[in-house]
Amino acid sequence: MKLLLITSAILNVFMALSMAVFYFSRKTFPGFSYWMAGVVGTALTYGSLAFRGVIPFEISVFLANMFWPLTGLFYLDGMRRFLGVAKLPLWIYVIPLLVAIHAISTFYYFDSGAWRTLVISAAFSIFHGLTAWISLREYFRIKSVFLLILGLETALATAVAIIRALFNLTIANFEFMISLNSELFFFIIFIVLELVICFSFIMLNAEWFERDLLATQSALESNIQKLEKALAEVKTLRGLLPICSNCKKIRDDGNNWIQMEVYVRDRTNANFSHGICPDCLRKLYPDFADGILDSGGTGNETREK
């Protein structure tokens, strides 16, 4: 049993280091660091159990009963942050400490390993159960495969923790690491689940990154299309423009005839002001043309709005 716990602690340290490498070398989303902290908490839980006897029993009980529910709390808070749900209030993080204080107090005044297991499993199950509920709820909205996997894994871990706690209550004078057959079975399940959950956290972040990349690529392609369309319109002004020989309207790509000033204004930064040239002034207003031209004006000019 001790060898299994040491092996599990080492495996979780390795997973925490893998997540740290991923964290510093890849883009990660809010909550990933909390998952990483949860994996570290799992390693510390198994380590404090494995070295029980090397370190004082009371300290081992205190640390194990604090780190295990803290792991579930980190997973829950990390998932909420990852999914954009409201963060957990800081006072929630007092709960694992209270569980540890309760465990050490029962050790002195009501020494029952089965009762300690029930309390710590209840705290762990609440946090893991909420993580499973949020993951499965968001899966139906987001349709993420790894979100579904995480929801099922944490739900299974919750169920195993509850079953273990209730089963241990049926064992007379139960003490951890003494009832080896049952504890060995449950801890093997926990170890496998924890490792798969750690891997799923990494894959979920990678899936999120791929979605973010595809969304960015789609937005970039849309912008490129808009720029190409604008460039094509600018090139049209430099090429041959179908223009009416009489009214001077221009035909656009939609086969609509548009007033020349409007066509040019909508496709360039140019604008127009209106006046009357000398030839038209003499033609339209022959009686006033000479006087206006001699005064240096060409009529009132108005800017197109």
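Thresholds, definitions, all that
- Residues numbered from 1 in each chain as written.
- Predicted model: local features only at pLDDT ≥ 70, side-chain atom pairs only at ≥ 80, totals over all residues.
- Heavy atoms only, no water.
- Salt bridge = Lys/Arg side-chain N within 4 Å of Asp/Glu carboxyl O.
- Buried < 20%, exposed > 50% of the residue type's maximum accessible area, 1.4 Å probe, protein only.
- Axes fitted to C-alpha atoms, helices over the stretch in contact; angles between N-to-C directions.
- Helix = DSSP H or I, 4+ residues; strand = E, 2+ residues; numbered from the N terminus.
- Parallel < 35°, antiparallel > 145°, perpendicular 65-115°, else oblique.
- Left-handed = near helix turned anticlockwise from the far one by under 90°.
- Nonpolar A, V, L, I, M, F, W, Y, C, P; charged D, E, K, R; others polar.
- Patch = residues over 30% accessible without salt bridge, like charges linked within 9 Å, V, L, I, M, F, W, Y side chains within 5 Å.
- Areas by Shrake-Rupley, 256 points an atom, 1.4 Å probe, with all protein chains shown as cover.
- Phe/Tyr/Trp six-rings, centres within 6.5 Å; stacked < 30°, edge-to-face > 60°.
- Lys NZ or Arg CZ within 6 Å of the ring centre and 35° of its normal.
- Expected span 1.5 Å × (residues − 1).
- Core = buried A, V, L, I, M, F, W, Y, C linked by side-chain atoms within 4.5 Å.
- Contact = heavy atoms within 4.5 Å.

(A) Examining the pattern of salt bridges more closely. With the rule as written, the count across this model stands at 4 salt bridges. The shortest N-O distance in the salt bridge between Glu138 and Arg137 comes to 3.2 Å. On the basis of relative accessibility, which here comes to 8%, the residue Glu138 falls in the buried class.

(B) Broad picture of the packing of helix H2 (residues 32-50) against helix H3 (residues 57-82). With their axes 8 Å apart at the nearest point, H2 and H3 run at an angle of 165° to one another. The pairing of H2 with H3 is recorded here as roughly antiparallel in orientation. The element H2 and its partner H3 pack so that their crossing is left-handed. Looking at the contact of H2 with H3 residue by residue, the classes come out as 14 nonpolar, 8 polar and 2 charged.

(C) The arrangement of a nonpolar patch on the surface in detail. A grouping of Trp91, Val94, Leu97, Leu98 and Ile101 is seen on the molecular surface, where their side chains present a nonpolar patch of about 480 Å² in accessible area. Tracing the backbone shows Leu97 in helix H4 (residues 95-109). Under the relative-accessibility criterion, Leu97 is labelled partly exposed at 37%.

(D) Examining the environment of Leu3 more closely. Tracing the backbone shows Leu3 in helix H1 (residues 2-25). Residue classification places Leu3 among the exposed positions, given a relative accessible area of 66%. Taking the C-alpha atoms as reference, Leu3 lies 7.5 Å from Ala50; in sequence the two are 47 residues apart.

(E) Broad picture of the packing of aromatic side chains. Using the criterion set out here, one finds 17 aromatic pairs in the structure. Aromatic pair Phe29 and Phe82: ring centres 6.0 Å apart, planes at 80°, arrangement edge-to-face. In this pair, Phe29 sits in the loop between H1 and H2 while Phe82 sits in helix H3, placing the two residues 53 residues apart along the sequence. Looking at Phe29, the relative accessible area reads 14%, which means it is buried. Judged by centre distance (5.0 Å) and plane angle (65°), the ring pair of Tyr75 and Phe201 falls under edge-to-face. Residue Tyr75 is found in helix H3, and its partner Phe201 is found in helix H7 (residues 180-238); the two are separated by 126 residues along the sequence. Summarising the burial analysis for this pair, Tyr75 and Phe201 share the class buried. Three or more aromatic residues joined by ring pairs make a cluster, and in this case those are Phe22, Tyr23, Phe24, Phe29, Phe32, Trp35, Tyr75, Phe82, Phe201 and Trp208. Here the basic side chain of Arg211 rests over the ring of Trp208, its NZ or CZ set 5.8 Å away from the ring centre.

(F) A look at H1. With 24 residues, H1 should reach 34 Å at 1.5 Å per residue; the first-to-last C-alpha distance of 35 Å fits that figure. Of the residues making up H1, those classed as buried are Leu5, Ser8, Ala9, Asn12, Met15, Ala16, Met19, Ala20 and Phe22.

(G) Spatial organisation of the nonpolar core. Counting 34 residues, the largest nonpolar core has Met19, Trp35, Met79, Leu83, Phe201 and Leu204 as the members making the most contacts within it. Elements that contribute at least two residues to this core include exactly H1, H2, H3, helix H5 (113-142), helix H6 (145-169) and H7. In terms of residues, this core owes the most to one element, H3, which gives 9 residues. When near neighbours in sequence (up to four residues on either side) are disregarded, Leu204 contacts Trp35, Met79, Phe82, Ser144, Phe146, Leu147 and Leu150. Core analysis: the next-biggest nonpolar cluster, separate from the first, contains 19 residues, Leu5, Ala50, Val99 and Ile191 among them.

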